[in-house]
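The chain contents come next:
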Amino acid sequence: MFYRFMVLLLCLLPMAAVGQSVGTVNFDFDSDRLDQSALEEIARIADNLKQTQSYKPTVVVGFTDAVGSSGYNDGLGLRRARQVAAALEAQGVPVNRIGTIASRGERELLVSVLGPERQNRRVTVSLGEIMKACRSYREVPITQASIGQSLQSDLQQRLSEAVAGYDRLGNAGTNTAALQMAGAAREDCGIATGYDGDSLRKVEYAQKCLCSSARYRTAVGG
């Protein structure tokens, strides 16, 4: 009864975005130079990041258009991502907010053309998932400083997801492993959401919630 009440309550609360986009910076052909429009967009992204109290890492990924070899484009995408990350830090974004700097090169074109295309020459900045798999909750890199509304909203979202999944899988009578993982996530996330932000146990159970939720999502193919 408690968990069904929590699901109804959580439906009324704001949920944290997963893989939340913060902004996109575009580039000239075969260039990693930040032009004026890029610098203006980076300033906007930096302000957004500084105003967003999120425990999730900032992910900076560079892309290119389809002109040139894949190896060259992988390198160009990475140079672009590094330029944006450095510019964000210069704008006052703390270094430890940048979690991943990577390149996808010419993969994942926004516009499917073989020639030059500015929309494909980009760096995306987003708030990424803290993890996609988990062996132990102790691997989850959050601390007391991570506690805030962003984390609380994510814990609430994962609790709602686990409760719904547990009910669905229990009624279907299949996928026993996923049912067990949903039950663990339901328990851990329910406890985590109940602790106050200044409780040391909140960090421990938040880690357990994120870990068991990741296991549940893996079990159901998420």
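Rules and cut-offs
Residues numbered from 1 in each chain as written. Predicted model: local features only at pLDDT ≥ 70, side-chain atom pairs only at ≥ 80, totals over all residues. Heavy atoms only, no water. Axes fitted to C-alpha atoms, helices over the stretch in contact; angles between N-to-C directions. Helix = DSSP H or I, 4+ residues; strand = E, 2+ residues; numbered from the N terminus. Parallel < 35°, antiparallel > 145°, perpendicular 65-115°, else oblique. Left-handed = near helix turned anticlockwise from the far one by under 90°. Contact = heavy atoms within 4.5 Å. Nonpolar A, V, L, I, M, F, W, Y, C, P; charged D, E, K, R; others polar. Disulfide = S-S within 2.5 Å. Buried < 20%, exposed > 50% of the residue type's maximum accessible area, 1.4 Å probe, protein only. Expected span 1.5 Å × (residues − 1). Arc of directions from axis to C-beta. Core = buried A, V, L, I, M, F, W, Y, C linked by side-chain atoms within 4.5 Å. Pairing = 2+ DSSP bridges. Polar contact = N/O pair within 3.5 Å; in protein donor to acceptor, adjacent residues only side chain to side chain. Salt bridge = Lys/Arg side-chain N within 4 Å of Asp/Glu carboxyl O.

A.B. asks: Account for the packing of helix H4 (residues 149–172) against helix H6 (residues 200–219), with residues named and values stated.
C.D. replies: Interaxial distance between H4 and H6 falls to 10 Å at its minimum, and their mutual angle equals 45 degrees. One finds that H4 runs oblique with respect to H6. Crossing of H4 against H6: the hand is left-handed. Within the contact between the two elements, H4 uses Leu151, Gln152, Asp154, Leu155, Arg158, Glu161, Gly165, Arg168 and Leu169 and H6 uses Lys202, Ala206, Cys209, Leu210, Ser213, Ala214, Tyr216 and Arg217. Residue composition of the contact of H4 with H6, by class: 8 nonpolar, 3 polar and 6 charged.

A.B. asks: Any details on the state of the cysteines? Residues and values, ideally.
C.D. replies: Under the definition given, this model contains 1 disulfide. What pairs with Cys189 in a disulfide is Cys209, and their sulfur atoms sit 2.0 Å apart. Looking down the S-S bond of the Cys189 and Cys209 bridge, the torsion is 90 degrees, so its handedness is right-handed. Pair noted here: Cys189 is in helix H5 (residues 176–194) and Cys209 is in helix H6, with a separation of 20 residues, a long-range link. Relative accessible area serves as the criterion here: at 0%, Cys189 is assigned to the buried category.

A.B. asks: Go over the environment of Ile42 with me, naming the residues and quoting the values.
C.D. replies: Looking at the element boundaries, Ile42 is found in helix H2 (residues 36–51). Along the sequence, Ile42 and Leu88 sit 46 residues apart, while their C-alpha atoms lie 6.4 Å from each other. Setting aside residues up to four positions removed in sequence, Ile42 forms contacts with Val25, Leu34, Val84, Ala87, Leu88 and Gln91.

A.B. asks: Tell me about H4, and please be specific about residues and values.
C.D. replies: Its 24 residues place the ends of H4 34 Å apart at the C-alpha level, agreeing with the 34 Å of an ideal helix rising 1.5 Å per residue. Residue Gly173 follows H4 closely and has a positive phi angle near 70 degrees.

A.B. asks: Hey, could you go over H2 for me, with residue numbers and the actual values?
C.D. replies: The first and last C-alpha atoms of H2 sit 23 Å apart over 16 residues, in line with the 22 Å expected at 1.5 Å per residue. Residues of H2 that are buried include every one of Ala38, Glu41, Ile42, Ile45, Ala46 and Leu49, and no others. Around the axis of H2, the buried residues are gathered within 145 degrees of arc, so they sit on the same side. The exposed residues of H2 that point more than 90 degrees off its buried face are Gln36 and Gln51. If you follow the buried residues of H2, they end up packed against strand S1 (20–26), strand S2 (58–63), helix H3 (70–90) and strand S4 (122–127).

A.B. asks: For the nonpolar core, give the residues involved together with the corresponding values.
C.D. replies: Residues Val25, Leu34, Leu49, Val84 and Leu88 are the most contacted members of the largest nonpolar core, which totals 20 residues. Elements with a minimum of two residues in this core: S1, H2, H3 and S4. With 19 residues, the next largest nonpolar core counts Ile147, Val203, Tyr205 and Cys211 among its residues.

A.B. asks: So, the sheet that holds S4: which residues are in play, and what are the values?
C.D. replies: The strands making up a sheet associate through hydrogen bonds between their backbones, and the pairing can be parallel or antiparallel. Taken together, 4 strands build an open sheet; the order of strands is S1-S4-S2-S3 and the sheet is mixed. Because the sheet does not close on itself, it has two edges, and the strands there are S1 and strand S3 (98–105). Averaged over all neighbouring strand pairs, the angle between strand axes comes to 20 degrees, with direction disregarded. In terms of strand pairing, S2 meets S4 through 5 bridges, oriented antiparallel. Residue Val61 lies in a different strand from S4, and its bridge partner there is Thr124. Where H2 meets the sheet, it contacts S1, S2 and S4, and its direction lies at approximately 160 degrees from that of S1.

A.B. asks: A description of the side chain of Ser153 should follow, citing residues and the corresponding values.
C.D. replies: Along the chain, Ser153 falls in helix H4. Reaching out from Ser153, the side chain makes a polar contact with the side chain of Gln149 at a distance of 2.8 Å.

A.B. asks: Any details on the pattern of salt bridges? Residues and values, ideally.
C.D. replies: If you walk through the whole model with that rule in mind, you get 13 salt bridges. Two residues, Arg44 and Glu41, come together in a salt bridge whose shortest N-O distance is 2.8 Å. With Arg44 and Glu41 both in helix H2 and 3 residues apart, the pair spans about one turn of that helix. The salt bridge partner of Lys50 is Asp47, with a shortest N-O separation of 3.9 Å. You can see Lys50 and its partner Asp47 sitting in helix H2, 3 residues apart, about one turn around the helix. Relative accessible area serves as the criterion here: at 38%, Asp47 is assigned to the partly exposed category. Overlapping salt bridges, with partners in common, bring together Asp28, Arg33, Asp35 and Arg118 in one network.

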